[in-house]
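# What the coordinates show
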Amino acid sequence: MSEPLSHSYTSFDGHRRIAAGTLATNALAVKKALESGATGPVLVFDDATGRCVDVDTRGTDAEVLARLPAGAPDRNKPDAPEATEKPRGRGRPRLGVVSREVTLLPRHWQWLSTQPGGASVTLRKLVEQARRANGEKDKVRKAHERAYHFMSALAGDLPGFEEVTRALFANDPIKFAKLTRRWPDDVRAHATGLAFPDERQTRT
């Protein structure tokens with residue numbers, strides 16, 4: 001499954017969601033909310049991590065957008081090809097291989113030297129096997145962590161926060177939903193979407 005959350009941000013004025021989408025969209029929404037006398041706290045969250053993002057809303061809209069991180073104006077748009085990229089010549093296509101130092105014990109190097117394809121090929125195969133084996137666990141762990149970061153910032157004073165947190169890390173979406181029924185709708189919906197994205201898609 002793809003990770004659409006990694007390409008979006010969400011803003012809240014207190015417990016009310018005021019924007020969702022690109023960082024630029026959220027920055028301007030936060031600026032408007034603050035200028036309109038928002039009681040706050042007005043916060044922008046990176047949906048990939050659940051953590052707050054600092055946005056400087058001083059000045060005009062253009063000035064606000066100009067101060068955004070260079071890599072974050074609109075991560076929903078496909079990356080443009082680099083103008084400096086040189087035409088590829090004949091031969092095998094580049095695989096994007098990055099050369100870095102690896103430190104192993106002598107017995108590890110000895111074993112790698114006996115494997116078909118040599119050390120590099122064997123290490124890549126081992127890494128890919130580990131990624132496949134742990135991929136689902138890593139996805140669940142990241143979802144729980146981003147939901148916890150969001151909840152800690154915005155829901156720490158809401159009813160049953162500790163019980164909700166236990167249900168989150170127990171990976172129990174049913175109990176999580178039951179315990180968050182008394183939470184504000186926007187907070188509950190966003191926390192659920194961060195914590196259990198697959199569950200949310202199943203229900204829609």
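Our subject in this report is the structure included herewith. (Residues numbered from 1 in each chain as written. Predicted model: local features only at pLDDT ≥ 70, side-chain atom pairs only at ≥ 80, totals over all residues. Heavy atoms only, no water.)

## Considering the pattern of salt bridges
The condition that has to hold: By definition, a salt bridge exists where a carboxyl oxygen of Asp or Glu is found within 4 Å of a side-chain nitrogen of Lys or Arg. For the exposure calls, accessible area comes from a 1.4 Å probe over protein chains only, and a residue counts as buried if that area is under 20% of its type's maximum, exposed if over 50%, partly exposed in between. In this text, helices come from DSSP runs of H or I with a minimum length of four residues, and strands from runs of E with a minimum of two, each type numbered from the N-terminal end.
The tally for this structure, following the rule as stated, stands at nine salt bridges. Between Asp13 and Arg16 there is a salt bridge, with the nearest N and O atoms lying 3.6 Å from each other. A residue is classified by how much of its surface remains accessible, and Asp13, at 12% relative accessible area, is buried. With a relative accessible area of 48%, Arg16 lands in the partly exposed category. Here Glu35 makes a salt bridge to Lys31, at a shortest N to O gap of 2.6 Å. Here Glu35 pairs with Lys31, and both are found in helix α1 (residues 23-35), just four residues apart, close to one helical turn. The class of Glu35 is exposed, set by a relative accessible area of 58%. Classification of Lys31 as buried rests on a relative accessible area of 7%.

## So, the packing of helix α4 (residues 118-154) against helix α5 (residues 161-169)
How two helices pack is summed up by the angle between their axes together with the distance between the axes. Rules: Every axis corresponds to a line fitted to the C-alpha atoms, with the helix fit spanning only the stretch in contact, and the corresponding angles, defined between N-to-C directions, vary from 0 to 180 degrees. In these notes the angle categories are as follows: under 35 degrees is roughly parallel, over 145 is roughly antiparallel, 65 to 115 is roughly perpendicular, and the rest is oblique. Contacts: residue pairs with any heavy atoms within 4.5 Å of one another. Under the scheme applied, nonpolar residues are Ala, Val, Leu, Ile, Met, Phe, Trp, Tyr, Cys and Pro; charged residues are Asp, Glu, Lys and Arg; polar residues are all the others, including Gly.
In contact at an axis separation of 10 Å, α4 and α5 are set at 170° when each is read in the N-to-C sense. Judged by the angle between their axes, α4 and α5 are roughly antiparallel. Along the contact surface, α4 presents His144, Ala147, Tyr148, Met151 and Ser152, while α5 presents Phe161, Val164, Thr165, Leu168 and Phe169. When grouped by side-chain class, the residues that make up the contact of α4 with α5 number seven nonpolar, three polar and no charged.

## Quick look at the packing of α4 against helix α7 (residues 185-195)
For the pair α4 and α7, interaxial distance at closest approach is 7 Å and the crossing angle is 155°. With respect to their mutual orientation, α4 and α7 come out roughly antiparallel. In this structure, α4 uses Ala143, His144, Arg146, Ala147, Phe150, Met151 and Leu154 to contact α7, whose residues at the interface are Val187, His190, Ala191, Leu194 and Ala195. Its residues assigned to classes, the contact of α4 with α7 shows nine nonpolar, two polar and one charged.

## Remarks on α4
Heads up, the rule is: To estimate the expected span of a helix, count its residues, drop one, and scale the result by 1.5 Å. The seven residues ending at a residue and the seven starting there each receive a fitted axis; the angle between those axes is the bend at that residue.
The end-to-end C-alpha distance of α4, which contains 37 residues, comes to 51 Å, matching closely the 54 Å that a straight helix rising 1.5 Å per residue would cover. At Asn134, α4 shows its maximal kink, close to 55°. The set of residues buried in α4 consists of Thr122, Ala143, His144, Arg146, Ala147, Phe150, Met151 and Leu154.

## Here's the deal with the pairing of strand β3 (residues 42-46)
Note the threshold: Think of it this way: DSSP has to see at least two bridges between two strands before they count as a pair.
In terms of burial, β3 is a largely internal element, four of the five residues being buried. Where strand β1 (residues 9-13) meets β3, five bridges bridge the pair, whose relative direction is antiparallel. Each residue of the ladder has a partner; that of Phe12, found in β3, is Leu43.

## Examining the nonpolar core
Quick reminder of the rule: In these notes, a set of buried Ala, Val, Leu, Ile, Met, Phe, Trp, Tyr and Cys residues joined through side-chain atoms within 4.5 Å is what counts as a nonpolar core.
By size, the foremost hydrophobic cluster in this structure holds 19 residues, and its most contacted members are Phe150, Met151, Ala155, Leu168, Phe176, Trp183 and Val187. Secondary structure elements with two or more residues in this core: α4, α5 and α7. In this structure Trp183 touches Met151, Ala155, Leu158, Pro159, Phe161, Val164 and Arg188, once residues within four positions along its chain are discounted. Listed in part, the 10 residues of the second largest apolar core include Tyr9, Leu23, Val44 and Val55.

## Section: the sheet that holds strand β2 (residues 16-21)
Strands belonging to one sheet form pairs held by backbone hydrogen bonds; the direction of such a pair is parallel or antiparallel. Overall, antiparallel pairing links the three strands, which are arranged β2-β1-β3 in an open sheet. In the strand order of this sheet, the two ends are held by β2 and β3, each with one partner. Averaged over neighbouring strand pairs, the angle between their axes works out to 20° when direction is ignored. Here β1 runs beside β2; their pairing, made up of five bridges, is antiparallel. From the neighbouring strand, Tyr9 faces β2, where its bridge partner is Gly21. Packing against the sheet, α1 makes contact with β1, β2 and β3, and its axis sits at approximately 150° to β2. α4 rests against β1 and β3 of the sheet, and its axis sits at about 175° to β3.

None of this, on its own, says anything about what the molecule does.
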